[in-house]
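Listed here are the chains, written in short residue letters.
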Amino acid sequence: MTEVRVAVLGASGWMGRVHTMAYQTFPHFFGASDGTARVVALVAADAQDDLAFRAPGARILQDWKAAVADPEIDLIDICLPDNMHYEVAKAALLAGKHVYCEKPLADTAVEARELADIARQKGLITRVGHAFPRNPVHDLAKEIIDSGEIGEIKLFKGCQHIDVFADPLAPYMWRADGNLAPTGIVGDTGSHIFSFMNFLVGRVSSLIADNFIVTPTRPVVRDLAMGEQATLSGEEKWSEVTNPDGTNMLCRFANGARGVVDFSRIATGRKFVQTYEIYGTKGSLLYNYDEVNRLRFYSSDDKTGRRGFREIDVGPENDTYRSFLPLPNFALGYNESKIIEAAEVIRSIVTNRQMWPTFETGHHLCQIVDACMESSRQQRWVEIE
Ligand SMILES: NC(=O)c1ccc[n+]([C@@H]2O[C@H](COP(=O)([O-])OP(=O)(O)OC[C@H]3O[C@@H](n4cnc5c(N)ncnc54)[C@H](O)[C@@H]3O)[C@@H](O)[C@H]2O)c1
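Taking an unreviewed UniProt entry as the reference, the protein is identified by name as Gfo/Idh/MocA family oxidoreductase belonging to Sedimentimonas flavescens.

**Q** Can you help me understand the overall build of the protein in this one?
**A** Check the secondary structure of the protein and you find nine helices and 17 strands. Counting across all 385 residues of the protein, residues that qualify as buried make up 55%. Here the contacts in the protein between residues at least 6 apart in sequence split such that 71% fall between residues at least 24 apart. When the accessible surface of the protein is totalled, it reaches about 16600 Å², and 50% of it is carbon and sulfur. Separation between the mean location of the 40 positive side-chain charges and that of the 51 negative ones in the protein comes to 5 Å.

**Q** I tried to follow the nonpolar core on my own but got confused; where do I start?
**A** Side chains of a nonpolar character, in soluble globular proteins, are inclined to be buried together. Tyr23, Phe194, Met197, Leu207 and Met249 are the most contacted members of the largest nonpolar core, which has 76 residues in total. Of all the elements, helix H6 (residues 185-200) adds the most residues to this core, at eight residues. Filtering out sequence-adjacent residues up to four positions away, Tyr23 remains in contact with Val6, Val8, Ala37, Val39, Leu75, Asp77, Tyr100, Ala342 and Ile346. Ala41, Val88, Ala116 and Leu124 belong to the second-largest nonpolar core, a separate cluster that totals 32 residues.

**Q** Looking at this model, I keep getting lost on the state of the cysteines. Mind explaining?
**A** Working definition: the covalent bond between the sulfur atoms of two cysteines is a disulfide. In total, this model carries zero disulfides according to the counting rule given. Looking at Cys79, it has no disulfide partner, and the nearest cysteine sulfur is the one in Cys101, 8.4 Å off. No disulfide involves Cys366; its sulfur sits 9.1 Å from that of Cys101, the nearest cysteine. The buried category is assigned to Cys366, whose relative accessible area is 3%.

**Q** Looking at this structure, I do not really get the packing of aromatic side chains. What am I missing?
**A** Aromatic rings considered in pairs are described by the distance between their centres and by the relative angle of their planes. Across all of its chains, the model carries 15 aromatic pairs by this definition. Relative to Phe324, the ring of Phe30 has its centre 5.4 Å away and its plane inclined at 90 degrees; by these criteria the two rings are edge-to-face. With a gap of 294 residues between them, Phe30 in helix H1 (residues 14-30) and Phe324 in helix H7 (residues 319-324) connect regions that are remote in the sequence. Residues Tyr298 and Phe309 carry aromatic rings whose centres are separated by 5.3 Å and whose planes lie at 50 degrees to one another, so their mutual orientation is tilted.

**Q** It is not clear to me how the environment of Val99 should be interpreted in this structure. Could you clarify?
**A** Relative to the elements of secondary structure, Val99 occurs in strand E5 (residues 98-102). The class of Val99 is buried, set by a relative accessible area of 1%. Separated by 51 residues in sequence, Val99 and Gln48 have C-alpha atoms that sit 24 Å apart. If sequence neighbours within four positions are ignored, Val99 has contacts with Leu75, Ile76, Ile78, Ala89, Ala92, Leu93, Ile125, Thr126, Arg127 and Phe359.

**Q** Just to check I follow, could you spell out the sheet that holds E5 for this structure?
**A** Whether parallel or antiparallel, the strands of a sheet pair through hydrogen bonds between backbone atoms. Taking strand neighbours across the sheet as the criterion, the six strands line up as E3-E2-E1-E4-E5-E6 in an open arrangement whose pairing is parallel. Both edges of this open sheet fall to strand E3 (59-61) and strand E6 (126-129), since each of them pairs with a single strand only. Mean inter-strand twist for the sheet, computed between neighbouring axes without regard to direction, equals 25 degrees. When E5 meets E6, the two strands line up parallel, connected through four bridges. Looking across to E6, one finds that Val99 is bridged to Thr126.

**Q** How should the UniProt feature "domain: GFO/IDH/MocA-like oxidoreductase" (unreviewed entry) in the protein be read in this particular structure?
**A** Mapped onto this structure's residue numbering, the UniProt feature "domain: GFO/IDH/MocA-like oxidoreductase" (unreviewed entry) falls at residues 140-285. Taken end to end, residues 140-285 comprises 16% helix and 34% strand; its first and last C-alpha atoms sit 10 Å apart.

**Q** Just checking my understanding: could you explain helix H9 (residues 359-378) for this structure?
**A** The α-helix advances 3.6 residues per turn, and as a result positions three or four apart in sequence lie on the same side. Over its 20 residues, H9 runs 28 Å from end to end, which matches the ideal 28 Å to within 8%, given 1.5 Å per residue. Where burial is concerned, most of H9 is hidden: 15 out of the 20 residues are buried. For H9, the side-chain oxygen to backbone nitrogen distance between the N-cap and Glu360 is 3.1 Å, and the N-cap itself is Thr358. Where H9 terminates, the next one or two residues include Gln379, which has phi positive at roughly 50 degrees.

**Q** So what exactly am I meant to see when it comes to unusual backbone geometry here?
**A** Among all residues save glycine, negative phi is the norm, and among peptide bonds the norm is trans. Here the residue pair Lys103 and Pro104 is connected by a cis peptide bond, since its omega of -10 degrees sits within 30 degrees of zero. Summarising the element assignment, Pro104 is placed in the loop between E5 and helix H4 (109-122). Between Trp356 and the following residue, Pro357, the backbone shows a cis peptide bond with an omega angle of 0 degrees. Here Pro357 is to be found in the loop between helix H8 (334-351) and H9. In the Ramachandran plot, Ala331 falls in the positive-phi region, its phi being about 75 degrees despite a non-glycine side chain. Looking at the secondary structure, you find Ala331 in the loop between H7 and H8. Non-glycine residue Asn352 carries a positive phi angle of around 55 degrees.

What counts and what doesn't
Residues numbered from 1 in each chain as written. Predicted model: local features only at pLDDT ≥ 70, side-chain atom pairs only at ≥ 80, totals over all residues. Heavy atoms only, no water. Helix = DSSP H or I, 4+ residues; strand = E, 2+ residues; numbered from the N terminus. Buried < 20%, exposed > 50% of the residue type's maximum accessible area, 1.4 Å probe, protein only. Contact = heavy atoms within 4.5 Å. Areas by Shrake-Rupley, 256 points an atom, 1.4 Å probe, with all protein chains shown as cover. Lys, Arg positive; Asp, Glu negative; His and termini not counted. Charge placed at Lys NZ, Arg CZ, Asp CG, Glu CD. Core = buried A, V, L, I, M, F, W, Y, C linked by side-chain atoms within 4.5 Å. Disulfide = S-S within 2.5 Å. Phe/Tyr/Trp six-rings, centres within 6.5 Å; stacked < 30°, edge-to-face > 60°. Pairing = 2+ DSSP bridges. Axes fitted to C-alpha atoms, helices over the stretch in contact; angles between N-to-C directions. UniProt positions renumbered as here; feature names shortened; annotations may be inferred. Expected span 1.5 Å × (residues − 1). Polar contact = N/O pair within 3.5 Å; in protein donor to acceptor, adjacent residues only side chain to side chain.

Set out below in structure tokens:
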């Protein structure tokens, strides 16, 4: 198979639109020798014919089960609200489809384990939508770590914050609903930091977390996208926020490193901040999304009097970067990370080779999410198998 036939589920939403774009775009940068994708179905609860221009020729469906049952579809791409991931992914895997699922893979690690097991038994390709670490600057970080240049990692500090729920009057949406998104910010945003931890440091073995809700009720205002301001009439119904707005966490990694991690959706003024700092016995790495292609690298091997952080901008010496741009510091952003991810999903299927992060990875990330929820409830350290 060199052309993979794809159904995008949740096609009218943010991720659905990005994924649909990415399948059609990646061959422009990576060529077609490792396969191409044809989006043959766009599925959304509110699907209208005006979706059709996004993938010419695709069928427009409202029922995801129709896509899962279609023998002409090879890959089910799940961009649906979190609480649907498990049910839809399971049905797709049982129907023999490869599955690319947005994060978090499932609401619990038990569900994620089941999905990973079914995929393994059926020999299907799986992928979880953690595109941030696929920006080539993080390949550079991994290369430096794997080469031993910063020595043994002792401390990881990471954070991710947004402010979409900083305003107490910001409208209610599914992300604040503990039924539709049971783990709230932990699965939503924490999972991104957890994906960096997994990619760069390794498995987490135990943690203690403090989850918190800042604004307990929010006005229900229909048809607003995330972050949009509402004009309130005073007649609105108010709904209870039933999942965490933020988390502070300490953790231990299986390799002995320690972690200090925080994330939230209530950091007033922080439109999007994502950082990590990795301290080893011989050096350190610092990353800040505000400089999306830049790594700061400190090496104790530099001679005394010349030590300091160097700024390294990933550039065309990196194959992935060069696929997009011939000159350094032109910046690859969020959508390019998603294009890289879609290209890797298709390459995985065509070459029958799993690529990080698979459902096995997704399972471990769900274990961390579960442990955060349990630790915060019980106010104690929680071990992860
Ligand atoms: N990887 C990332 O950086 C990233 C960023 C944003 C969101 N996400 C994840 O992507 C997923 C979708 O988030 P979003 O922001 O795109 O959401 P969204 O609200 O913008 O879109 C949701 C989509 O699902 C569809 N939908 C909802 N219920 C449905 C049903 N029963 N049947 C068929 N279609 C249905 C809606 O019509 C819409 O198309 C979430 O799991 C979220 O956590 C990941």
